[in-house]
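# What the coordinates show
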Amino acid sequence: MTLTAPTGRLQTITSGFLALAMAATVGTALGFEHLGGFIPCKLCLEQRTPYYIGVPLMLVALISATMRWPALVTRGLLLAGGLLMLWGLGLGVYHAGVEWSWWQGPSDCGVVAPSSGSGSLLDQLNAVVPPACDQAAGRFLGLSFAGWNVVASAILAAVALRSALKR
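Note that the structure is a prediction, hence the values are computed from the model and not measured. (Residues numbered from 1 in each chain as written. Predicted model: local features only at pLDDT ≥ 70, side-chain atom pairs only at ≥ 80, totals over all residues. Heavy atoms only, no water.)

### Describing the overall build of the protein
Here is the rule we go by: Put simply, DSSP marks the helices as runs of H or I at least four residues long and the strands as runs of E at least two long, and each gets a number from the N terminus on. Throughout this description, buried means an accessible area under 20% of the type-specific maximum (1.4 Å probe, protein chains only), exposed means over 50%, and partly exposed covers the range between. We call two residues in contact whenever any of their non-hydrogen atoms come within 4.5 Å of each other. The Shrake-Rupley method, run with a 1.4 Å probe, gives the accessible areas here. Residue values count only the displayed protein chains as cover.
Scanning the protein from terminus to terminus reveals six helices and zero strands. Ordered by position from N to C terminus, the α and β elements of the protein give α-α-α-α-α-α. The 167 residues of the protein split such that 34% are buried. Long-range pairs, those at least 24 residues apart, make up 77% of the contacts in the protein with a sequence separation of at least 6. On the protein, roughly 9,300 Å² of surface is accessible, and the fraction owed to carbon and sulfur atoms is 70%.

As structure tokens, this is what we get:
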């Protein structure tokens, strides 16, 4: 299958689904942060990047499919969405591996620079200490947030790549 094969209803439905699913996934993470009080670590924040890029990209893919732009554009955007989710999958696997102590995480994750004495005591007390990347904020059904991101990214990557490459 080539990326120039005609597109149809599958690509239109898939691009809309992916835009909604990516937005729901990153929205859930933001909800846990802002409503649930979970403070994300550096790796948690990095895992959101593919979604921040992917949502508008899938909206453009939806417009492309709806407006019957050239098939290469729609399929190319879906392919890019699939590759973004593979990137997210890799970030999630890396972070989950750090949490399970399979390998070392970044040395600056959760590290707070010592105070230089500048600023008031109140400013120093109000400083938020980011969590360490090797400690899961919580586990649900045995998986951390990073683990659930692996699951979500794998499913979304498979859906996007299938749609990009199937007739």
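Once the structure has been displayed, the description carries forward.
### Observations concerning a nonpolar patch on the surface
Stated precisely, the cut-off is as follows: Patch membership needs two things, relative accessible area over 30% and no salt bridge, and members are linked within 9 Å if like-charged or within 5 Å if nonpolar (Val, Leu, Ile, Met, Phe, Trp, Tyr). Take a side-chain nitrogen of Lys or Arg and a carboxyl oxygen of Asp or Glu: if they are within 4 Å of each other, that pair is a salt bridge.
A surface patch of nonpolar side chains, amounting to about 580 Å² of accessible area, comprises Phe-32, Phe-140, Leu-141, Trp-148, Val-151 and Ile-155. If one sorts the elements of the nonpolar patch by residue count, helix H6 (residues 145–165) sits on top with three residues. With respect to the secondary-structure elements, Leu-141 resides in the loop between helix H5 (121–126) and H6. Since its relative accessible area comes to 81%, Leu-141 is described here as exposed.

### A short note on the nonpolar core
For soluble globular proteins, the rule of thumb is that nonpolar side chains tend to be buried together. What counts here: Take the buried Ala, Val, Leu, Ile, Met, Phe, Trp, Tyr and Cys residues and link them wherever side-chain atoms come within 4.5 Å; each set so joined is a nonpolar core.
The biggest cluster of nonpolar side chains holds 18 residues, and the ones touching the most others in it are Leu-18, Met-22, Tyr-51, Met-58, Leu-78, Met-85 and Leu-156. Those elements that place two or more of their residues in this core are helix H1 (9–34), helix H3 (49–66), helix H4 (71–99) and H6. When neighbours within four sequence positions are excluded, Met-58 is seen to be in contact with Ser-15, Leu-18, Ala-19, Met-22, Leu-77, Leu-78 and Gly-81. Cys-41, Leu-43, Val-98 and Cys-109 belong to the second-largest nonpolar core, a separate cluster that totals five residues.

### Notes on the side chain of Ser-153
Tracing the chain through its elements places Ser-153 in helix H6. Setting aside residues up to four positions removed in sequence, Ser-153 forms contacts with Tyr-51, Met-85, Gly-88 and Leu-89.

### Considering the packing of aromatic side chains
For the record, the criterion: Ring pairs shown here join Phe, Tyr and Trp side chains whose ring centres sit within 6.5 Å, with only the six-membered ring taken for Trp; geometry is labelled stacked below 30 degrees between planes, edge-to-face above 60, and tilted in between.
Within this structure, the stated rule accounts for six aromatic pairs. Each ring, one from Phe-32 and one from Phe-38, has its centre 5.7 Å from the other, and the planes form 80 degrees; the classification is edge-to-face. Residue Phe-32 is classed as partly exposed on the basis of its relative accessible area, which comes to 33%. Between the aromatic rings of Phe-140 and Phe-145, the centroid separation amounts to 5.5 Å while the plane-to-plane angle is 45 degrees, which identifies the pairing as tilted. Among the aromatic residues, those joined into a cluster by ring pairs are Phe-32, Phe-38, Phe-140 and Phe-145.

### A short note on H3
To keep it simple, the criterion reads: By this rule the span expected of a helix is its residue count minus one, scaled by 1.5 Å.
Helix length check: H3, at 18 residues, gives a terminal C-alpha distance of 26 Å against a target of 26 Å (1.5 Å per residue), a fit within 8%. Those residues of H3 that sit buried are Pro-50, Tyr-51, Gly-54, Val-55, Met-58, Ala-61, Ser-64 and Ala-65. On its buried face, H3 is in contact with H1, helix H2 (42–47), H4 and H6.

### Re the confidence of the model for the protein
Put simply, the test is: On a range of 0 to 100, pLDDT expresses the predictor's confidence in each residue.
Averaged over all residues, the pLDDT of the protein equals 87, while 87% of them reach at least 70. Confidence, read as mean pLDDT per element, is least for H5 in the protein (63) and greatest for H3 (96).

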